[in-house]
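The chain contents come next:
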Amino acid sequence: MAKRVAIVGAGVSGLASIKCCLEEGLEPTCFERSDDLGGLWRFTEHVEEGRASLYKSVVSNSCKEMSCYSDFPFPEDYPNYVPNSQFLEYLKMYANRFSLLKCIRFKTKVCKVTKCPDFTVTGQWEVVTQHEGKQESAIFDAVMVCTGFLTNPHLPLDCFPGINTFKGQYFHSRQYKHPDIFKDKRVLVIGMGNSGTDIAVETSRLAKKVFLSTTGGAWVMSRVFDSGYPWDMVFMTRFQNMFRNSLPTPIVTWLMARKMNSWFNHANYGLVPEDRTQLREPVLNDELPGCIITGKVLIKPSIKEVKENSVVFNNTPKEEPIDIIVFATGYTFAFPFLDETVVKVENGQASLYKYIFPVHLPKPTLAVIGLIKPLGSMIPTGETQARWAVRVLKGINKLPPQSAMTEEVNARKENKPSGFGLCYCKALQSDYITYIDELLTNINAKPNLFSLLLTDPRLALTIFFGPCTPYQFRLTGPGKWKGARNAILTQWDRTFKVTKTRIVQESPTPFASLLKLLSLLALLMAIFLIFL
């Protein structure tokens with residue numbers, strides 16, 4: 001049984017891993033190479049080696065009710081989508097509330113993690129660290145790697161002919177901090193992910209001209225969804241997830257396109273995705289359509305050639321003068337402190353069972369936490385991974401035979417679509433609710449809706465039809481939180497508290513009353529069809 005656990009990284013997953021270890025009676029030691037916790041969410045003016053970097057204006061893409069730790073809601077007065085400075089404060093509150101700081105060794109870099117000579121018997125690891133120039137070595141019973149996948153910028157310069165002749169400035173979006181450098185410049189942003197779109201929009205307020213180049217297009221969503229609700233509280237429900245997964249993929253794809261185009265027609269803005277079958281992460285930006293329609297941002301296809309002071313886009317012979325190029329071309333990931341025989345990264349993924357455990361180790365004493373891209377928040381995903389992983393490290397839960405794990409990993413790598421629901425065919429992508437439920441089942445913490453329908457029907461209906469907030473993951477099983485039920489039933493109160501800052505008297509109309517009655521009848525019919 002593992003007792004001493006080394007944790008690499010004190011970001012959102014590292015903090016959750018510390019807490020899970022403490023709850024299970026283990027002795028965690030977390031090594032953080034920087035001087036503070038927070039990982040991605042800690043803004044610094046300069047890029048730090050080996051740590052994710054963000055720009056000053058970053059706001060969360062997942063709302064506070066969906067992206068909190070499962071037993072620690074955000075403060076009620078926080079906005080629904082949280083600026084990075086407040087997000088960092090929340091993480092510090094979490095660390096203080098559960099006494100995690102005592103387990104963290106700051107300014108300590110992990111240099112090497114290797115198996116001990118008697119690993120096949122003990123499962124132990126030798127961890128070599130460096131603090132203020134001095135190296136130390138220690139033996140641990142288990143290791144949890146929580147370094148994420150946003151530290152190594154992907155800069156494919158070979159794909160841009162002529163880039164070496166460009167006389168202007170170019171850099172990866174990881175280097176971006178403030179828009180001041182773009183004042184009165186002609187700017188090209190390459191890559192239409194969330195970072196690239198944010199930078200293009202922010203740059204357009206100061207720059208002379210802004211181009212946003214995209215190869216495949218993307219669906220663009222607003223954080224403000226139907227009736228002004230946070231997008232993920234509407235989209236991420238167990239009912240919606242079950243409904244989507246029961247429909248053939250072409251129908252789901254059509255419904256998705258119809259919904260995305262209800263805000264604005266993506267084809268008219270040059271944004272519609274070329275491949276609409278395979279799901280890619282939607283772009284969440286509330287301002288991009290306004291920037292395009294006012295001419296502040298111009299959408300362009302991929303780059304054909306870069307010249308000394310200009311670029312040529314594919315299918316457009318005209319040269320466009322450019323002063324600065326920003327490559328928002330994503331990231332690769334690696335584990336420089338681990339030998340490839342432990343975890344090997346190939347084609348943007350690693351051979352990890354449930355995205356956590358290397359399948360070939362004779363002793364399951366190393367876990368990778370947070371190396372996944374769910375269509376949902378990373379905090380509850382990483383936390384749930386840690387809850388299960390710690391119980392495996394402790395020996396309470398057992399992994400399947402190596403052959404079964406290898407078969408599942410290989411099947412995932414093949415990326416064969418099931419033909420139903422959304423098509424998660426990119427590396428590390430996963431269906432958020434389905435994946436979380438798999439892990440919760442392993443620790444007997446998945447809520448039983450049939451049982452709840454008999455004993456607490458209000459809670460059961462809220463869980464099924466309402467947003468799949470992380471509090472659901474603490475209703476039962478190990479780590480059960482007594483405040484989970486109340487947190488679920490009051491989640492909309494906290495959501496509206498920060499938006500209803502002016503009280504408005506609403507007078508009900510006969511039509512509204514009739515609509516509520518019909519909605520209630522439809523709800524009862526749905527319950528009858530689903531549960532009976």
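What you are looking at is a predicted structure, and each value in this text was computed from that prediction instead of being measured.

Visitor: Outline the pairing of strand E15 (residues 303-306), listing residues and values.
Guide: Where E15 meets strand E16 (residues 310-313), three bridges bridge the pair, whose relative direction is antiparallel. Bridge assignment links Val-306 to a residue of E16, and that residue is Val-311. Two successive antiparallel strands, E15 and E16, enclose a turn made up of three residues.

Visitor: Give me the lowdown on the pairing of strand E2 (residues 27-31), citing residues and values where you can.
Guide: Burial within E2 is extensive, with four of its five residues counted as buried. Following the chain from strand E1 (residues 4-8) across helix H1 (residues 12-23) to the adjacent parallel E2, one finds a crossover that is right-handed. Note that E2 and strand E3 (residues 104-105) share two bridges and pair parallel. Its bridge partner being in E3, Phe-31 is matched across the sheet by Arg-105.

Visitor: So what's going on with the packing of H1 against helix H9 (residues 378-394)? Residues and values would help.
Guide: Two elements in contact, H1 and H9, have axes separated by 8 Å at closest approach and are oriented at 35°. Remark: the crossing between H1 and H9 carries right-handed chirality. Where H1 abuts H9, its residues Val-12, Ser-13, Ala-16, Ser-17, Cys-20 and Cys-21 lie against Met-378, Ile-379, Gly-382, Glu-383, Ala-386, Arg-387 and Val-390. Class assignment of the residues belonging to the contact of H1 with H9 gives a composition of eight nonpolar, three polar and two charged.

Visitor: Can you break down H9 residue by residue, with the values?
Guide: Its 17 residues give H9 an end-to-end C-alpha distance of 24 Å, which sits within 8% of 24 Å, the value for a rise of 1.5 Å per residue. Most of H9 is tucked away: 16 of the 17 residues are buried. Backbone geometry just downstream of H9 places Gly-395 in the positive-phi region, at approximately 95°.

Visitor: Tell me what's going on with the environment of Gln-385, and back it up with residues and numbers.
Guide: Turning to its location among the elements, Gln-385 is positioned in helix H9. Separated by 249 residues in sequence, Gln-385 and Glu-136 have C-alpha atoms that sit 29 Å apart. Residues in contact with Gln-385, not counting those within four places in the same chain, are Lys-354, Tyr-355, Ile-356, Ile-369, Gly-370, Ile-372, Tyr-435 and Leu-439. For Gln-385, the side chain forms a polar contact with the main-chain nitrogen of Gly-370, separated by 2.8 Å.

Visitor: How would you explain the domain arrangement of the chain if you had to name every residue and give the values?
Guide: Domain annotation for the chain reports domain 1 (4-151 + 333-435) and domain 2 (153-222 + 263-329). With centres defined by C-alpha atoms, the gap from domain 1 to domain 2 works out at 31 Å. The partner domain 2 presents 17 residues to the 25 residues of domain 1 that form the contact. Summing both partners gives a buried area of about 1,600 Å² for domain 1 against domain 2, and 51% of it is carried by carbon and sulfur. Across the domain 1-domain 2 interface, the total number found is zero salt bridges. In this assembly, domain 1 and domain 2 are joined by ten residue pairs in polar contact (both at pLDDT 80 or more). Residue composition of the side of domain 1 that touches domain 2, grouped by class: eleven nonpolar, eight polar and six charged.

Visitor: Can you lay out the sheet that holds strand E10 (residues 186-190) for me, pointing to particular residues and giving the numbers?
Guide: On the basis of which strands lie adjacent, the open sheet formed by five strands has the order E9-E18-E10-E11-E14 and parallel pairing. Here the strands that pair on one side only, and so sit at the sheet edges, are strand E9 (169-172) and strand E14 (298-300). Across the sheet, the mean angle from the axis of one strand to that of its neighbour is 20°, orientation sign disregarded. Strand direction decides the pairing type here: strand E11 (residues 209-213) and E14, joined by three bridges, are parallel. The partner of Ser-213 across the bridge, within E14, is Lys-300. Packing of helix H4 (residues 194-203) onto the sheet brings it into contact with E10, E11 and strand E18 (324-327), and relative to E11 it is tilted by some 165°.

How each quantity is defined
- Residues numbered from 1 in each chain as written.
- Predicted model: local features only at pLDDT ≥ 70, side-chain atom pairs only at ≥ 80, totals over all residues.
- Heavy atoms only, no water.
- Pairing = 2+ DSSP bridges.
- Helix = DSSP H or I, 4+ residues; strand = E, 2+ residues; numbered from the N terminus.
- Buried < 20%, exposed > 50% of the residue type's maximum accessible area, 1.4 Å probe, protein only.
- Right-handed = clockwise from strand over helix to strand, strands pointing away.
- Axes fitted to C-alpha atoms, helices over the stretch in contact; angles between N-to-C directions.
- Left-handed = near helix turned anticlockwise from the far one by under 90°.
- Contact = heavy atoms within 4.5 Å.
- Nonpolar A, V, L, I, M, F, W, Y, C, P; charged D, E, K, R; others polar.
- Expected span 1.5 Å × (residues − 1).
- Polar contact = N/O pair within 3.5 Å; in protein donor to acceptor, adjacent residues only side chain to side chain.
- Domains from an automatic or database assignment.
- Buried area = accessible area lost by both parts, 1.4 Å probe.
- Salt bridge = Lys/Arg side-chain N within 4 Å of Asp/Glu carboxyl O.

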